[in-house]
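# Coordinate inspection notes
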Amino acid sequence: MKFTVSRDALLKPLNLVAGVVERRQTLPILANVLMVLDGDRLSLTGTDLEVELVGRVQLQDGAGESGELTVPARKLVDICKSLPEGSEISFAAEDGKVTVRSGRSRFTLSTLPAREFPNVEDSMGTHQLVIKQGQLKRLIDRTGFAMAQQDVRYYLNGMLWELKDKQLRVVATDGHRLALCTLPEKVDVNGDTQVILPRKGVLELARLLMDEEDDIAIVIGSNHIRATTNEFTFTSKLVDGKFPDYQRVLPRAPNKIVVGSRLELRQAFTRAAILSNEKYRGVRLKLTDNSLDIVANNPEQEEAEETVPVEYQGESLEIGFNVSYLLDVLAVLSGEQIKLSLSDPNSSALLEESDEGDSVYVVMPMRL
């Protein structure tokens, strides 16, 4: 196997593919990236057995001899990064080693047989749809922060994708808060389904969505999801579990509706958070007519108090929240104003954009 490729064309897909490769591996070959040259198309594959990513590079005509090999992913990335921009890199493989040359630099890397490289199974998908990359990126950006990180309820360490009545909706929750975003346009898909994409799959998929106007084709199977763009093919196993019924978490009929400036509230919460308890991050919200007081204190007996003018008429209410959860929501919402719906100190709060938005957020209260 022999070929020459420009550093800049190779680095972008190589970086993304190497991102899937785990640093600590049980199988040595999983630390490698599979390089396959077929004619003038070079494909790079990285996997951790859960998520697989294939990047494609188009070479100049007659730039190589076809073949396949696997090389250490991190080392190859570091070599390519350290070479000057605009340089050409040539690869030549023989006797279980690959020689990488560029200008006056030469590197010899060990290889492992390509036939040992694990292949994520090709299962037939049951649901197929095509959407714009920008639309999918918005769905992930608006909900991904609410995924659990290492919860024993493993089905929370991921994101629910729901296809229902030709609508795509994604939901994430860690048990304390919930984020939900629905694609406003209908999608062309047959049948309904619910699948859970694991946390790592969500994060890797989000990194690929760079060209907002380009399409991404998604195929959902019983235990895999595959997403294909012009440059990449992404495959991930699905989480085998039942996602909680998120409809039951949405507050039914909150009767206290508060409308306020998103920017003012975000700044006030940020300032109050400075003096909140570092471990529990609790703040108290005191709601009276057209006014919201935010109070935070900590074990050192320090206190922060903020008053924000809001649109509200009704009974006064005092309720506690984890301020980090509120700030996470305010960071992804857009628009001038936000709507906060409450009912009593023990019920969840509903946050959304005040005009018709595509996202809904639920935050559980805290006892302070």
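Here the structure is a predicted model, which is why all the values come from computation and not from measurement. Per chain, residues are indexed from 1 in the order of the written sequence. Per-residue local features of the predicted model are confined to residues with pLDDT of at least 70, and side-chain atom pairs are confined, for both listing and counting, to 80 or more; whole-chain, interface and lining totals are unaffected and use all residues. Excluding hydrogens and water, the side-chain values take into account all heavy atoms of the structure.

## What about the sheet that holds strand 20 (residues 291-297)?
Formally: The pairing criterion for strands is at least two bridges between them, as found by DSSP. Secondary structure counts use DSSP, requiring at least four H or I residues in a row for a helix and at least two E residues in a row for a strand, with both numbered from the N terminus. All axes are obtained by fitting lines to C-alpha atoms, using only the stretch in contact for helices, and the reported angles, taken between N-to-C directions, cover 0 to 180 degrees.
Strand order across the open sheet formed by 4 strands is 21-20-19-22, with antiparallel pairing between neighbours. Strands with a single pairing partner mark the edges of an open sheet, and in this sheet they are strand 21 (303-309) and strand 22 (317-322). Mean inter-strand twist for the sheet, computed between neighbouring axes without regard to direction, equals 20 degrees. Across 7 bridges, strand 20 lies against strand 21 in antiparallel orientation. Within the sheet, the bridge partner assigned to alanine 296 lies in strand 21 and is alanine 304.

## Brief notes about the UniProt feature "domain: DNA polymerase III beta sliding clamp C-terminal" (unreviewed entry) in the protein chain
Put simply, the rule is: UniProt positions are given in the numbering used here, feature names are shortened, and annotations may be inferred rather than shown by experiment.
Under the feature "domain: DNA polymerase III beta sliding clamp C-terminal" (unreviewed entry), the UniProt entry names residues 248-367. Along residues 248-367 the backbone is 18% helical and 41% strand, and the end-to-end C-alpha distance reaches 22 Å.

## Brief notes about the environment of alanine 227
Formally: Burial here depends on accessible area, computed with a 1.4 Å probe over protein chains only, as a share of the maximum for the residue type. Under 20% is buried, over 50% is exposed, and the range in between is partly exposed.
Relative to the helices and strands, alanine 227 is located in strand 16 (residues 224-228). For alanine 227, a relative accessible area of 5% puts it in the buried group.

## Here we look at the packing of helix 5 (residues 262-273) against helix 6 (residues 323-332)
For the record, the criterion: Put simply, angles under 35 degrees are roughly parallel, angles over 145 are roughly antiparallel, angles from 65 to 115 are roughly perpendicular, and the rest are oblique. Two helices crossing with the near one rotated counterclockwise from the far one by less than a right angle form a left-handed crossing, whereas a clockwise rotation gives a right-handed crossing. Any pair of residues with heavy atoms lying within 4.5 Å of one another is described as a contacting pair.
Remark: helix 5 packs on helix 6, axes separated minimally by 10 Å, with the N-to-C direction vectors making an angle of 150 degrees. By the angle between their directions, the pair helix 5 and helix 6 is classed as roughly antiparallel. Crossing of helix 5 against helix 6: the hand is left-handed. The segment helix 5 lies against helix 6, with Arg262, Leu265, Arg266, Phe269, Thr270 and Ala273 engaging Val323, Leu326, Leu327, Leu330 and Ala331.

## Concerning the pattern of salt bridges
Pairing between side chains of opposite charge can happen when their charged atoms approach one another. Filter applied, for reference: We count a salt bridge whenever a side-chain nitrogen from Lys or Arg sits within 4 Å of a carboxyl oxygen from Asp or Glu.
Evaluation of the coordinates by the stated rule reveals 16 salt bridges. Close ionic contact of aspartate 358 with arginine 142 constitutes a salt bridge, the shortest N to O distance being 3.5 Å. With aspartate 358 in the loop between strand 24 (349-353) and strand 25 (359-363) and arginine 142 in helix 3 (residues 133-143), this pair connects stretches of sequence that are 216 residues apart. Per residue, the accessibility class of aspartate 358 equals that of arginine 142, and both read buried. The network of salt bridges with shared partners includes Arg138, Arg142, Glu353 and Asp358.

## Some remarks on the pairing of strand 12 (residues 167-173)
Put simply, side chains in a regular strand alternate between the two faces of the sheet. The buried fraction of strand 12 is high, at 5 of 7 residues. Relative to strand 12, strand 11 (residues 158-164) runs antiparallel, the two being bridged by 5 bridges. The residue bridging leucine 163 from the neighbouring strand is leucine 168, located in strand 12. In this antiparallel pair of consecutive strands, strand 11 and strand 12, the connection spans 2 residues, and aspartate 165 shows a positive phi of 50 degrees. In this structure, strand 12 lies alongside strand 13 (residues 177-182), joined through 5 bridges in antiparallel fashion. Considered in strand 13, the bridge of arginine 169 is made with threonine 182.

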